[in-house]
Amino acid sequence: MSVLNSSAGAVAADGVTDYRIIVNSIGDAGARLVGVLKKVLPLSEARLAALLYQAPAELLNGLSRTQAEQINTLLRSTGLDSQVLSKDEAFTPGDASFEVALAIKPTSNMLAIAQLIMELLGVKLGKAREILCSSPTVLIGNVSESTVAALRRRFAPLGVELDVSCPANAAFDLFLGDCPGRDRERVKQMLRDLRLPLLPEQRAEPQPLLAIGLSKSQADKLWAQLRRTSLPVRLVNRDFERFDLRLDQAPKTPAMIDFLVTTTGMPERIAPKVLEKTPVVIQQNIPFAQMTEQLEAIAALGGQASGHLLAFQVFGIVVEKVGDATATAHLLQGLGGLSQEAALAAISPARGMAGALTNPQARWLQQELKRVGTECRVVLRT
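All values derive from a computational prediction rather than experimental measurement. (Residues numbered from 1 in each chain as written. Predicted model: local features only at pLDDT ≥ 70, side-chain atom pairs only at ≥ 80, totals over all residues. Heavy atoms only, no water.)

## Here's the deal with the overall build of the protein
Point 1. Along its length, the protein carries 15 helices and 15 strands.
Point 2. Over its C-alpha atoms, taken along the principal directions, the protein stretches across nearly 80 × 55 × 50 Å.
Point 3. For the protein, with 382 residues in total, the buried portion stands at 42%.
Point 4. Pairs at least 24 residues apart make up 77% of the contacts formed inside the protein by residues separated by at least 6 positions.
Point 5. Carbon together with sulfur atoms contributes 50% to the accessible area of the protein, which is approximately 19300 Å² in total.
Point 6. Distance between charge centroids for the protein: 5 Å, based on 41 positive and 38 negative side chains. (Helix = DSSP H or I, 4+ residues; strand = E, 2+ residues; numbered from the N terminus. Buried < 20%, exposed > 50% of the residue type's maximum accessible area, 1.4 Å probe, protein only. Contact = heavy atoms within 4.5 Å. Areas by Shrake-Rupley, 256 points an atom, 1.4 Å probe, with all protein chains shown as cover. Lys, Arg positive; Asp, Glu negative; His and termini not counted. Charge placed at Lys NZ, Arg CZ, Asp CG, Glu CD.)

Printed below as a string of structure tokens:
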């Protein structure tokens with residue numbers, strides 16, 4: 001960065017300093033660039049990160065054309081998408097409207113995905129693993145549309161979809177985990193006090209979903225109270241909710257078979273067999289809108305189906321065949337979060353179900369165990 005260091009604040013010999021450098025998007029660069037720029041620009045890391053991740057933005061101004069071109073060439077060599085503009089050429093600044101979560105389909109690229117997260121956010125492997133094992137897998141917030149486009153392009157080759165939300169316009173749903181009745185009533189009273197609508201109880205037993213479709217301002221007011229408690233509650237941005245779609249029962253009709261073939265891509269010869277094995281999951285990790293659309297379609301065809309929110313599902317694993325025992329135990333501890341004692345018990349002859357894992361964590365662990373010759377089943381805990 002010697003060219004940037006010597007030129008960023010210099011005045012051209014001819015006195016013409018009418019050029020500036022505009023960041024179009026983060027491009028193929030990452031958080032490391034923030035640290036590099038901080039050494040040569042009088043800006044905080046937070047400000048530099050905002051310029052890069054909320055692009056388009058003006059990074060430098062008051063440069064001669066020669067200086068600007070030299071610095072821009074250097075910046076572009078890092079992967080940054082930037083350009084030189086004169087002070088009279090306009091551009092549309094970006095903003096911080098968007099938040100991004102990852103929807104991971106195949107688990108074969110998890111290590112590569114973790115590496116990309118490390119590059120983008122400037123975090124270590126432990127933090128990248130924590131992000132990947134969370135559900136929803138929220139990556140980053142306060143970014144611009146240009147950053148979203150750059151992230152989508154970089155994650156797509158790894159089989160990762162992006163769920164993108166504008167939180168200011170999003171709807172939020174409130175979920176409550178298992179707790180005593182008095183705690184449940186306490187949360188309900190908070191909703192009443194804030195004049196937020198409670199979802200009517202559909203069944204005799206308590207339901208996890210207490211309120212739906214809250215606005216950002218409503219969600220913020222509620223969370224300001226909930227965060228001070230130890231209640232098992234979560235406010236989830238609906239844009240980040242992903243579901244497994246389970247076909248509970250359905251007639252074996254040509255229309256239903258055609259629906260399965262069209263929506264899931266399964267071969268036509270397989271569809272009748274699937275209809276004989278209900279209840280069965282026919283779609284995994286799909287967004288809210290797709291889930292509701294397919295629920296309605298199945299009902300119209302005379303079937304019954306249900307959507308199961310992945311964010312609150314907890315999984316265990318059952319080891320069926322042990323390969324490399326030492327590597328298996330290390331993976332169960334490092335990735336699965338098991339204690340040494342629990343990890344050894346999971347691979348002992350009397351092994352049973354172990355772990356309390358999120359959906360992405362369970363699938364990633366299963367994939368890594370397979371690499372060391374260990375086979376396991378992922379089981380939904382009830």
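Next comes the rest of the write-up.
## Focus on the confidence of the model for the protein
Parts of the model with low pLDDT should not have their predicted coordinates read in detail.
Point 1. Of all residues in the protein, 94% have pLDDT values of 70 or greater, and the mean over the chain is 91.
Point 2. By mean pLDDT, helix H1 (residues 2–7) is the weakest element of the protein at 50, and helix H7 (residues 145–155) is the strongest at 97.
Point 3. Low confidence marks residues 6–14, where pLDDT is under 50. Its contacts with residues over four positions away, or in another chain, come to 15 contacts. (pLDDT = per-residue confidence, 0-100.)

## What to know about the sheet that holds strand E10 (residues 242–249)
Point 1. In spatial order, the strands read E11-E10-E12; together these three strands make up an open sheet with antiparallel pairing. Pairing within the sheet leaves two strands with one partner each, and these edge strands are strand E11 (280–287) and strand E12 (304–309). Adjacent strand axes in the sheet meet at a mean angle of 25°, parallel and antiparallel pairs treated alike.
Point 2. Pairing of E10 with E11, which is carried by five bridges, proceeds in the antiparallel orientation. Looking across to E11, one finds that Arg242 is bridged to Pro287. (Pairing = 2+ DSSP bridges. Axes fitted to C-alpha atoms, helices over the stretch in contact; angles between N-to-C directions.)

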